[in-house]
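Secondary and tertiary structure notes
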Amino acid sequence: MEPPSLSSPVFIEGFPGIGLVGVIACNHIVQELKMREIGFITSPLLPPVALIQEAVYTPSIRLYEDSQNEIIMVLSDVPVPLPITNELSRAIVDICEKLSVREIITIAGLATGGEERRVFISFSSKELKEKRKIEGIEEFFMGTISGIAGSTLMECHARGIPAISLLGETPSFNPDPKASAEVIKTMNRMYGWNISVDRLLEEAEKIEMQMQKLAEQVREKADRDRFMDYRMYG
Amino acid sequence: MEPPSLSSPVFIEGFPGIGLVGVIACNHIVQELKMREIGFITSPLLPPVALIQEAVYTPSIRLYEDSQNEIIMVLSDVPVPLPITNELSRAIVDICEKLSVREIITIAGLATGGEERRVFISFSSKELKEKRKIEGIEEFFMGTISGIAGSTLMECHARGIPAISLLGETPSFNPDPKASAEVIKTMNRMYGWNISVDRLLEEAEKIEMQMQKLAEQVREKADRDRFMDYRMYG
Amino acid sequence: MEPPSLSSPVFIEGFPGIGLVGVIACNHIVQELKMREIGFITSPLLPPVALIQEAVYTPSIRLYEDSQNEIIMVLSDVPVPLPITNELSRAIVDICEKLSVREIITIAGLATGGEERRVFISFSSKELKEKRKIEGIEEFFMGTISGIAGSTLMECHARGIPAISLLGETPSFNPDPKASAEVIKTMNRMYGWNISVDRLLEEAEKIEMQMQKLAEQVREKADRDRFMDYRMYG
Amino acid sequence: MEPPSLSSPVFIEGFPGIGLVGVIACNHIVQELKMREIGFITSPLLPPVALIQEAVYTPSIRLYEDSQNEIIMVLSDVPVPLPITNELSRAIVDICEKLSVREIITIAGLATGGEERRVFISFSSKELKEKRKIEGIEEFFMGTISGIAGSTLMECHARGIPAISLLGETPSFNPDPKASAEVIKTMNRMYGWNISVDRLLEEAEKIEMQMQKLAEQVREKADRDRFMDYRMYG
Amino acid sequence: MEPPSLSSPVFIEGFPGIGLVGVIACNHIVQELKMREIGFITSPLLPPVALIQEAVYTPSIRLYEDSQNEIIMVLSDVPVPLPITNELSRAIVDICEKLSVREIITIAGLATGGEERRVFISFSSKELKEKRKIEGIEEFFMGTISGIAGSTLMECHARGIPAISLLGETPSFNPDPKASAEVIKTMNRMYGWNISVDRLLEEAEKIEMQMQKLAEQVREKADRDRFMDYRMYG
């Protein structure tokens, strides 16, 4: 990882989950702000699948930096296997401590079945909630957050690091750029950023189809691999 | 964890189990005595699910203190995965030793199919039984106690720490505030406390419905997560 | 464990197995000789289930002593999970070495389908067999002994400690106090003891029913626990 | 392993996978260049199956050297069990670092369903892609590479070692010497080699049948072993 | 293990496998040469099953010595669980290195479906093959050897210890003393021994039946144990 250039950045976490809300939001921010790739996270416990983009190997879990808005981001193209979720969260929060981040934002999706696109917020501690209450954002009042987003909240609570979870409402499990756009607009208000979501909304339909096709490829690849294993070993 | 302020407290343990007897009793005591949250227990072996209450992350396994009645309590919102039950009991009894607790009470449920709400008692050692025999409490004469309550008894026996198990009789596996109320009344008698159970009984029906709804959410969340995993990996 | 008071005791091992022959025999000897409980064996790898007897937690794997007949005994109320069988045998033989035991007797059952109640003997080494041949006891000439009894023989052979296995013939898998009585009578002859089996034979039927009920309780408890797990996680 | 005699070799990796493209290509190169066997890789985590060729044990994962064309090769006759894929890649890249290899080529197959035999290329980093762009080779623009080939790309990216993946297009999962031939022709162009593929194409059909028969033997052997296990243990 | 008395012995390995060819051959040699038992191999990873012969515990994996013909032998009555096969081979080859053995012979079976009883040979290295080519023994030209025999070849190749595998042809998976006899006759020729196989051939039918009965006992025992487990835990 390259040496950090920011003194007290906000840290955004986006991993595959419901509606791919976090991944789509983070991908859009990377392109919109032309964020600089500064590193990646890897682990021998991740499945041996290499992602190729524009004919170049792309680490699945990448770190980006935007010095103007003071943002560091971790963005993952692959879902984290359940057994290493807690371990990965600890690794991410370790990085955040080294970078002296001001606040951690984890983005996830919340499938409600409805057609609204609200954004729900929750906090790693009571103190943070009191300090950071923002008008017009509904609270995720009671429930559970699972996966890497939940695990990161747990870890931040334990270490006393301020973390916020933003849940983008989405009708189903399908990729939902509209939910991602609402999360970005919420962050704009929270941090005084000015990240345009125009392109995201225009291309919503196109992105949805791209995402679905990629997911299908991953699935087919995995099927094929499993088949190979079966065929070879008997 | 904050430094303990009590010299020789009673320690109460409440984890999810049959009828949620322990969890409901402990939650009620926390509210009734306005107990102070003083710490939490976490482990990388717990599943990566964050519980949110009033929009704030709440550690699943929390420690509370009431200085007037000299009580320390561990209260968990999540059931403990079987493979870490023994380990967690050891961690809890370690804490009890550090806090020089006088006695450990583990609360659990006993589903008998009947409509009575008796409370059954059992002890970590013969010596304790002789010293602490209390009139009007039926003995859990012969049988087995499993899960964290059983594991804590085992650990206390091995270390020579006095521990008592109170089993609240309940007709089935459903949340049963009435059973919890009887356990609290028993503890009132045992320790000279005066914890009212009026509100618990009044709100019994309401609490039952709340609990069932939460359990359902957890279940649905877990289903969704599993589905995600399946969908992503093929 | 309390300091041993015997200079060269015989060590008896009784664990749940076919016909519960070892457990019933050992329980009877404990009561008949009013043996003194001197310790217990525990392990974080045992399942988290606490056995309660007369309202007091009872360690599942207990050590007893009888100074008159120079006996040390390990008696377990729970079957040993297969993956820790070898490890537990090593722990038991470690204890035997510390106590300088003269000879180890492991009691098990042998289901033959017939109605006879013979006792079969086998030895940890040829030397022992030559030294300890006793008239009227049939040899377990060829076959296999599995579980903790087999594992203890293996461990004793490896360390050169004399060990004898007594297999009580029993028609089926059901608890069989008559088989246990025959094993005790055999040990009386081998060691010049005088342990009465009258009560055991009188109460044979009663004991059988008690044992079956306890087994049923354990099974139901386990079913319930499994159900809980399922219900909570999804 | 024998001491390396080359100062800055190209390293080729061929493991069983789709169409056996890598294995067939590497086997042909070994024969065509009369490459010298210089070592092998083994691991206690590989399945206990010994491959016999011409009545002599042949390590499954072998290293070869050709000093004229400056090539080091790792060639495996057995597919790598998924759980040790990442570990094996690290071992291979360790060897490459010790040998100061110039570039790593991993050969794999890409089943497209079509009848063409294109070769697709991808790179371990953007820098490498810019430096090594070769006319007439299609880019594997977007997708995933799994197994040892993907894992090696990941490891090389992490360590900053230049690695290239060549994917030979093949219609199905069957052994496909024609795809292997195209990959070899591509490498000839990339590295100025002159490895003839005439024999490979002539014998294509014969090789296909040989390969299928071997695969069948492995499968039957595994079936038999599994059967043995079942039969012996019960 | 007793101190070795031989300066440069041949080491024979016989484990249960196809046709029990290795086990029957080794058992016969032990009896015919009246070999001396000099030790045994044990491991906490072996299943807890004690084999009893003539009422005496017999280690499953035993070492024998014959000083006249300069033979050391490892003979196992139980098949090796797959996960510890590689580990056990390493332990055996460690012993061979300590004993400075001249050559290792692993005996296994090869089920061909035919009625011939050929013996096939393969070698741990090319050098050995050239040095040890023996007329009239067919080469196991191409194929795979799995289990402990394959694993021992792998280990010997890696350490540079000369090892030979002799595969006795057998029509099916049933115990086949005739195949074992042919392997012994081959070894007689190879090493100038004079081990009679008369008794083996005379008793072929009897041995076959004995072996099948023992296998059945082991299987039934295992079934019973599994049943026990099930019954106890629920």
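**Looking at helix H2 (residues 85-98) of chain E**
All names here are of chain E.
- Here H2 spans 20 Å end to end across 14 residues, near enough to the 20 Å set by a 1.5 Å rise per residue.
- Where the residues of H2 are buried, they touch strand E1 (10-14), strand E2 (36-41), strand E5 (61-66), strand E6 (71-76), strand E7 (103-111) and helix H4 (147-159).
- Of the residues one or two after H2, Ser100 is the one with positive phi, at around 50°.

**Digging into empty space enclosed by the protein**
- Enumeration over the complete set of coordinates arrives at four cavities of 30 Å³ or more.
- Volume-wise, the second largest cavity comes out at about 90 Å³.
- A class-by-class count of the residues in the lining of the second largest cavity yields ten nonpolar, two polar and no charged.

**Some points on the interface of chain B and chain A**
- Each partner contributes residues to the interface: chain B has 28 residues there, and chain A has 40 residues.
- For the pair chain B and chain A, the summed buried surface comes to about 3,100 Å²; carbon and sulfur atoms form 62% of the total.
- Run the count over chain B and chain A and you get zero salt bridges.
- Summed over the shared surface of chain B and chain A, the result is ten residue pairs in polar contact (both at pLDDT 80 or more).
- Going through the elements one at a time, strand E3 (49-53), strand E4 (56-58) and helix H7 (204-233) of chain B are the ones with two or more residues in the side of chain B that touches chain A.
- Looking at side-chain class alone, the side of chain B that touches chain A contains 18 nonpolar, five polar and five charged residues.
- The sheet contact formed by strand E10 (residues 142-146) of chain A and E3 of chain B spans five bridges and is antiparallel. Considered in E3 of chain B, the bridge of Ile145 of chain A is made with Ala50 of chain B.

**What about the relation of the copies chain D and chain A?**
- Take chain D, turn it by 72°, move it 0.0 Å along the axis, and it overlays chain A with an RMSD of 0.0 Å. What we have between these two chains is a five-fold relation. Among all residues of chain D, the minimum C-alpha distance to the rotation axis is found for Pro83 of chain D, at 12 Å.
- Of all interface residues in chain D, a mere 5% are interface residues in chain A too; the two copies therefore contact each other through different surfaces.

What counts and what doesn't
Residues numbered from 1 in each chain as written. Chains lettered and ligands numbered in written order. Predicted model: local features only at pLDDT ≥ 70, side-chain atom pairs only at ≥ 80, totals over all residues. Heavy atoms only, no water. Helix = DSSP H or I, 4+ residues; strand = E, 2+ residues; numbered from the N terminus. Expected span 1.5 Å × (residues − 1). Contact = heavy atoms within 4.5 Å. 1 Å grid on protein atoms, 1.4 Å probe; cavity = no way out; pocket = protein on both sides within 12 Å on 5 of 7 lines; lining within 4 Å. Points joined across faces, edges and corners; volume = space filled by probe spheres on them. Nonpolar A, V, L, I, M, F, W, Y, C, P; charged D, E, K, R; others polar. Buried area = accessible area lost by both parts, 1.4 Å probe. Salt bridge = Lys/Arg side-chain N within 4 Å of Asp/Glu carboxyl O. Polar contact = N/O pair within 3.5 Å; in protein donor to acceptor, adjacent residues only side chain to side chain. Pairing = 2+ DSSP bridges. Least-squares fit on C-alpha atoms with pLDDT ≥ 70 in both.

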